[in-house]
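Examining the three-dimensional arrangement
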Amino acid sequence: MSPLPTYDSMIPEAGLRAALALDRPRIISEIGASGLKGRGGAGFPTAVKWNFAAAAQADKKFVICNADEGEPGTFKDRVILQEHADLVFEGMTVAGKAVGAHEGILFLRGEYTYLRGHLEAVLAGRRDRNLLGKGILGSGLDFDIRIFMGAGAYICGEETALIEALEGFRGEPRNRPPFPVNTGFLGRPSIVNNVETLAWAACILGRGADWFRSVGTEKSTGRKIFSVSGDCARPGVYEFPMGLTVAELLKEVGGEDAKAAQIGGAAGQCVPAKDFGRSIAFEDIPTGGSIIVLGPHRDMLDVLHNFLEFFVDESCGQCAPCRLGNTKLLEGLEMLRNGTCSMAYLKELCDLGGTMQVASKCGLGQSSPNAFLSVVENFREELMGRIPTHA
Ligand SMILES: Cc1cc2nc3c(=O)[nH]c(=O)nc-3n(C[C@H](O)[C@H](O)[C@H](O)COP(=O)(O)O)c2cc1C
Ligand code: SF4
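A brief structural summary. Every value quoted in this text rests on a predicted model; they were computed, and no experiment measured them.

Our next topic: the overall build of the protein chain. In terms of helices and strands, the protein chain carries 16 helices and 9 strands. Taking 2.2 N^0.38 as the reference for a compact globule, 391 residues should give roughly 21 Å; the C-alpha atoms of the protein chain span a radius of gyration of 22 Å, in line with that estimate. Along the first, second and third principal axes, the C-alpha set of the protein chain runs to 80 × 45 × 35 Å. Surface exposure of the protein chain reaches about 15,600 Å², of which carbon and sulfur atoms provide 53%. Between the centroid of the 40 positive side chains of the protein chain and the centroid of its 47 negative side chains there is a distance of 4 Å.

Rendered as structure tokens:
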């Protein structure tokens, strides 16, 4: 069975044809009525983002598809691009009409270079069928898409660092405001959306807002694509309605005996078994789609060590809370491992994590302590065994 049933059943170009028949505000209001929220992790309402860019006055605007997909445990965008690139490009074209852009850029993760040939062929086919280029399908819409290769830095998935990299600079996050919808690529209004968000936008135009919101919860409408890995019988890429519980998801993937699930990648939350009744939804446990199943034999310190090594490597180093904070958390873990961390120091590390969440400049440093803090909160007994009794 295909892991992406909805995408498989889409009628090619239904979304684009519907968008071409609508004026710009109507396209955005359809997306707004669907309740679509960004699938890249932060869950920002897509219509609100598109509205800002549509309202901005400029000689040029850009639609940028974020295919950097560097979050540990996330591989759903790769599968979407492999199997349904047409739908993603259709969503970008719909977005181009909605905001008044003529150029789209797919920012493709460096490690996905092997996909480039396939994606260029899909783009060429779309140009041949007049689905890209001048006067698309006889309408007044001019829009084309090019591919830009990332170079392997996780931080370039952050939208302002991505734009810096697109402009040929070192990929470092910018101060916000101004936001990319006003001052983005080359100083022009730009929308940055996740691969999956754009594919859903094409589906919504094709099938209507009511179809999309007929599943999910009130605040998290529609379906979501998940990358499931770790200690389960059936890892892979899945499509589920938003709002399902962690327990329901684990049952589907054969991970019922898990002791925890890391939801949202290394930057997400470590959810213990007692909380498996909670929902995967923006209003409860948000995620860009990464679910790492942690079986009963897992040592939580090993899990955290792996994540923190990643963040120490991937911090761009611009701001102290993230650059130094991740290093300190990693050192603290090593002290826990070799039995030299006191209770008082563990508390200081938790305070440091809280400071990083509020004082870091971008989402990397703001979210990198999440796993540490949730493990200290939920696996206290396991950690206490590593703290000397006199300390
Ligand atoms: C460190 C970091 C890495 C990110 N990586 C990605 C990524 O690989 N893909 C992605 O779509 N969004 C990523 N994001 C989120 C983007 O900044 C941005 O919010 C997203 O592309 C917006 O698209 P959406 O509204 O469709 O979700 C990352 C954010 C941070 C802080
Ligand atoms: S939080 Fe980390 S990745 Fe983000 S700007 Fe600061 S140092 Fe760079």
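So, next bit.
This part takes up the sheet that holds strand E2 (residues 103-108). Reading across from one edge, E3-E2-E1-E4 is the order of the 4 strands in this open sheet, with parallel pairing throughout. The sheet terminates laterally at strand E3 (144-149) and strand E4 (190-194), the two strands that pair on one side only. The mean inter-strand angle of the sheet, taken between neighbouring strand axes irrespective of direction, is 25°. In terms of strand pairing, strand E1 (residues 62-67) meets E2 through 6 bridges, oriented parallel.

What follows is about the side chain of Glu69. By secondary structure assignment, the location of Glu69 is in the loop between E1 and helix H5 (76-99). The buried charged residue Glu69 lacks any salt bridge partner; its closest oppositely charged side chain belongs to Lys76, at an N-O distance of 5.2 Å. Reaching out from Glu69, the side chain makes a polar contact with the backbone nitrogen of Asp77 at a distance of 2.7 Å. Within the structure, Glu69 has its side chain in polar contact with the side chain of Tyr112 (distance 2.6 Å). Not counting chain neighbours up to four residues away, the residues in contact with Glu69 comprise Thr74, Phe75, Lys76, Asp77, Arg78, Arg109 and Tyr112.

Within this structure, the stated rule accounts for 11 aromatic pairs. Judged by centre distance (5.5 Å) and plane angle (25°), the ring pair of Phe107 and Phe148 falls under stacked. Of this pair, Phe107 sits in strand E2 while Phe148 sits in strand E3, and the two are 41 residues apart along the sequence. Here Tyr154 and Phe311 contribute two aromatic rings whose centre-to-centre distance is 6.4 Å and whose plane-to-plane angle is 50°, an arrangement assigned as tilted. Note that Tyr154 is positioned in the loop between E3 and helix H7 (159-166) and Phe311 in helix H11 (residues 300-314), a separation of 157 residues in sequence. We note that Tyr154, like Phe311, is buried. Lying across the ring of Phe226, Lys224 places its NZ or CZ 5.8 Å from the centre.

In the vicinity of ligand 2, 13 residues are found, and the nearest of them are Cys316, Gln318, Cys319, Cys322 and Cys362. Split by residue class, the shell around ligand 2 holds 7 nonpolar, 5 polar and 1 charged.

It is at 8 Å that the axes of helix H4 (residues 46-55) and H5 come closest, and there the two elements cross at 50°. Judged on the interaxial angle alone, H5 and H4 are oblique. Taken together, the residues of H5 that come into contact with H4 (itself represented by Trp50, Ala53 and Ala54) are Val94, Ala95, Ala98 and Val99. Among the residues forming the contact of H4 with H5, the class breakdown is 7 nonpolar, no polar and no charged.

Before going further, it helps to spend a moment on the site of ligand 1. Surveying the vicinity of ligand 1 reveals 19 residues, the closest of which are Gly40, Glu69, Asn193, Asn194 and Thr197. In the model, an oxygen atom of ligand 1 is placed 2.9 Å from a nitrogen or oxygen of the Glu69 main chain. At 3.0 Å from an oxygen atom of ligand 1 is found a main-chain nitrogen or oxygen belonging to Glu159. Protein coverage of the free-state accessible area of ligand 1, which is 620 Å², stands at 87%. If you map ligand 1 onto the pockets, it falls in the largest pocket. Among the elements of the structure, E4 and helix H14 (363-367) are those that each provide at least two residues to the shell around ligand 1. A total of 3 residues in the shell around ligand 1 trace back to one element, the largest contributor, which is E4. In terms of residue class, the shell around ligand 1 is built from 4 nonpolar, 9 polar and 6 charged.

What follows is about the pairing of E3. One ladder, built from 6 bridges, connects E2 with E3; its direction is parallel. Each residue of the ladder has a partner; that of Gly104, found in E3, is Ile145. In this view, the connection linking E2 to its parallel neighbour E3 by way of helix H6 (residues 116-128) has right-handed handedness.

Taken together, 5 strands build an open sheet; the order of strands is E6-E5-E9-E7-E8 and the sheet is mixed. Every other strand in the sheet has two partners, leaving strand E6 (236-241) and strand E8 (269-272) as the edge strands with one partner each. Adjacent strand axes in the sheet meet at a mean angle of 30° when their direction is disregarded. Here strand E5 (residues 223-230) runs beside E6; their pairing, made up of 6 bridges, is antiparallel. For Ser227, the partnering residue across the bridge sits in E6 and is Val237. Across the sheet, helix H10 (residues 246-253) is in contact with E5, E6, strand E7 (260-263) and strand E9 (290-294); its angle to E6 comes to roughly 140°. This element, helix H15 (residues 370-378), spans E7 and E8 of the sheet and lies at about 20° to E8.

Taken together, the buried positions of helix H3 (residues 24-34) are occupied by Ile27, Ile28, Glu30, Ile31 and Ser34. The arc that holds the buried residues of H3, viewed along the axis, is 155°, so those residues lie on one side. Buried residues belonging to H3 abut helix H2 (14-20), H4, H5, helix H8 (195-207) and helix H9 (209-213). Gly35 sits one or two positions beyond H3 and adopts a positive phi of about 80°.

Thresholds applied
- Residues numbered from 1 in each chain as written.
- Chains lettered and ligands numbered in written order.
- Predicted model: local features only at pLDDT ≥ 70, side-chain atom pairs only at ≥ 80, totals over all residues.
- Heavy atoms only, no water.
- Helix = DSSP H or I, 4+ residues; strand = E, 2+ residues; numbered from the N terminus.
- Rg over C-alpha atoms; globule rule 2.2 N^0.38 Å.
- Areas by Shrake-Rupley, 256 points an atom, 1.4 Å probe, with all protein chains shown as cover.
- Lys, Arg positive; Asp, Glu negative; His and termini not counted.
- Charge placed at Lys NZ, Arg CZ, Asp CG, Glu CD.
- Pairing = 2+ DSSP bridges.
- Axes fitted to C-alpha atoms, helices over the stretch in contact; angles between N-to-C directions.
- Buried < 20%, exposed > 50% of the residue type's maximum accessible area, 1.4 Å probe, protein only.
- Salt bridge = Lys/Arg side-chain N within 4 Å of Asp/Glu carboxyl O.
- Polar contact = N/O pair within 3.5 Å; in protein donor to acceptor, adjacent residues only side chain to side chain.
- Contact = heavy atoms within 4.5 Å.
- Phe/Tyr/Trp six-rings, centres within 6.5 Å; stacked < 30°, edge-to-face > 60°.
- Lys NZ or Arg CZ within 6 Å of the ring centre and 35° of its normal.
- Near = heavy atom within 4 Å.
- Nonpolar A, V, L, I, M, F, W, Y, C, P; charged D, E, K, R; others polar.
- Parallel < 35°, antiparallel > 145°, perpendicular 65-115°, else oblique.
- 1 Å grid on protein atoms, 1.4 Å probe; cavity = no way out; pocket = protein on both sides within 12 Å on 5 of 7 lines; lining within 4 Å.
- Sits in = over half its atoms within 2 Å of the grid points.
- Right-handed = clockwise from strand over helix to strand, strands pointing away.
- Arc of directions from axis to C-beta.

Nothing here speaks to function; it is geometry throughout.
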